[in-house]
Amino acid sequence: MDIRSDEPDLRALMLAGLDGDEAAHKALLNKLSVHLRAYFKRQLVRIGKGPTDAEDLLQETLIALHTRRHTYDRSQLLTPWVYAIARYRLVDYLRRTKASIGEVPVEEAPDLFADDDATIVDSRLDLHKLMARLAPKTRRAIEMVKLDGLSVREAAARSGMSESAVKVSVHRGLRTLSLLVGSGTAHEDR
Amino acid sequence: MKTDELINVLGANLEVVKGGQLRRTFVIALAVGGIAALCLMLAIFGAPTDAFGGQYLGLKIVAMAFTLGLVVAGTSFLVRAARPGEPGRTPLILAALLFVAMLSAGVVALVVSQPTAWGEMVFGPQWAACLFCIPLFAIAPFASLIWALRRGAPTNLVRTGAMIGLVAGALGAAVFALHHPGGSVPFIALWYGGPIVLCSVVGAILGRRLLRW
């Protein structure tokens, strides 16, 4: 399936998500996951990396797509924006893991994507370990709003912060998480 | 962690994204950086006695057109580079043309004058001040533009860093020109153009590290 043929659907979901439609945003991330997982598997198999690495990279990319949503220009196509971010994360990942495409001969690469999305593996990303590195106030805000599903108003009442302070904390926290993930310190073993 | 879980976390209580955030960020960055550079210039040299006139008016206009032209071209590149994807080459070509025009004008001005005057034209008063102060005045706009781009998502860090350096250097040079534009066109080409290129090279080197996300 070609991602470009999905462009109108994906773009509609993105625009709805920017306006605050949760279901649309989750649907978008789910649909993009299918394309991106296949893309990363294909790229990583060439340097002898497996599905878990691809899943790590996929999740980093999803976090990046989410925290950089404001850089999408509503008048432009969505898929070039998505792929620019995916490519950036891939290049950053390769640099970080000190691997380069040329290092592993092609014939050593196992034929992994024969059954592409049949098995979906867990990533090494550990959200709770990551969260432990945030400032306590920020962590509480993210726990309440993003993990426990409290509304911003409820979270504000419980924590004694103002609603806008909760929103700012969540936003900052997610950005910090995306930087932690990108720095490669977020994984269980590497 | 499973990817489904992550998507649920990201989507929970979804934040509304308002348009125009990046534009506002750039306006703030340029204003803060520019004003800081201006204040630094005033603190060092005091208010220029002939800011909008005097014997150097013509040269002041040349220096301003050159530097502010670079600021405009560079900023239009950066606004696009803040979004993932190809930013396009038009602003880069524009900036290159400004350099070519400035250098050509400098060479022409040398050719039509007496060779005995060349030394004085090129090493006019304040050339060392130019070399030192333009990068100094560029520091504040450089920092504010790095801050702005870090709020975006640039995908070519070296080129983006180079353009941040160029815009910051050009802003620093524009502020310096308010104090003293230098005594000749070749002087502007060399002692304005040189430090701006220097800032751009430093930006390219630092960009890779500072702009990573």
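Source: prediction; values computed, not measured. (Residues numbered from 1 in each chain as written. Chains lettered and ligands numbered in written order. Predicted model: local features only at pLDDT ≥ 70, side-chain atom pairs only at ≥ 80, totals over all residues. Heavy atoms only, no water.)

Secondary structure assignment for chain B yields nine helices and zero strands. What you see in chain B, going N to C, is helices and strands ordered as α-α-α-α-α-α-α-α-α. Here the C-alpha coordinates of chain B stretch approximately 75 × 35 × 25 Å along the principal axes. Sequence-distant contacts, at least 24 apart, represent 86% of the contacts inside chain B between residues at least 6 apart. (Helix = DSSP H or I, 4+ residues; strand = E, 2+ residues; numbered from the N terminus. Contact = heavy atoms within 4.5 Å.)

Before going further, it helps to examine the packing of aromatic side chains. Under the criterion given, the structure shown has eleven aromatic pairs over all chains. Put simply, the rings of B:Phe45, B:Phe137, B:Phe176 and B:Tyr192 touch in pairs and so form one group of aromatic residues. Looking at A:Arg89, its charged tip hangs above the ring of B:Trp213, at a distance of 5.7 Å from the centre. (Phe/Tyr/Trp six-rings, centres within 6.5 Å; stacked < 30°, edge-to-face > 60°. Lys NZ or Arg CZ within 6 Å of the ring centre and 35° of its normal.)

Residues and elements named next belong to chain B. In this model helix H9 (residues 193-210) runs 25 Å from its N-terminal to its C-terminal C-alpha over 18 residues, within 8% of the 26 Å that 1.5 Å per residue would give. Residues Gly 193, Pro 195, Ile 196, Cys 199, Ser 200, Gly 203, Ala 204 and Gly 207 constitute the buried set of H9. Summarising the contacts, the buried residues of H9 are in contact with helix H3 (57-81), helix H4 (90-111), helix H6 (127-150), helix H7 (157-179) and helix H8 (185-191). (Expected span 1.5 Å × (residues − 1). Buried < 20%, exposed > 50% of the residue type's maximum accessible area, 1.4 Å probe, protein only.)

Formed by 114 residues in total, the largest nonpolar core has its most connected members in A:Leu36, A:Phe40, A:Leu177, B:Leu78 and B:Tyr192. Considering every element that reaches this core, the biggest residue donor is H7(B), with 13 residues. Filtering out sequence-adjacent residues up to four positions away, A:Leu177 remains in contact with A:Leu127, A:Leu130, A:Met131, A:Leu134 and A:Ile142. (Core = buried A, V, L, I, M, F, W, Y, C linked by side-chain atoms within 4.5 Å.)

Here we come to the side chain of A:Ser33. Relative to the assigned elements, A:Ser33 resides in helix H2 (residues 22-45). A polar atom in the side chain of A:Ser33 sits 2.7 Å from the backbone oxygen of A:Leu29. Among all residues touching A:Ser33, those that are not within four sequence positions of it are A:Leu58, A:Leu62, B:Thr3 and B:Ile7. (Polar contact = N/O pair within 3.5 Å; in protein donor to acceptor, adjacent residues only side chain to side chain.)

The next thing to look at is the state of the cysteines. By definition, a disulfide links the sulfur atoms of two cysteine residues through a covalent bond. Using the criterion set out here, one finds zero disulfides over all chains in the structure. The structure places no disulfide on B:Cys130, whose sulfur is separated from the nearest cysteine sulfur, that of B:Cys133, by 8.0 Å. (Disulfide = S-S within 2.5 Å.)

Bringing unusual backbone geometry into the picture now. Within the chain, B:Asn13 stands out as a residue other than glycine whose phi angle is a positive 45°. With respect to the element layout, B:Asn13 can be found in the loop between helix H1 (3-11) and helix H2 (21-45).

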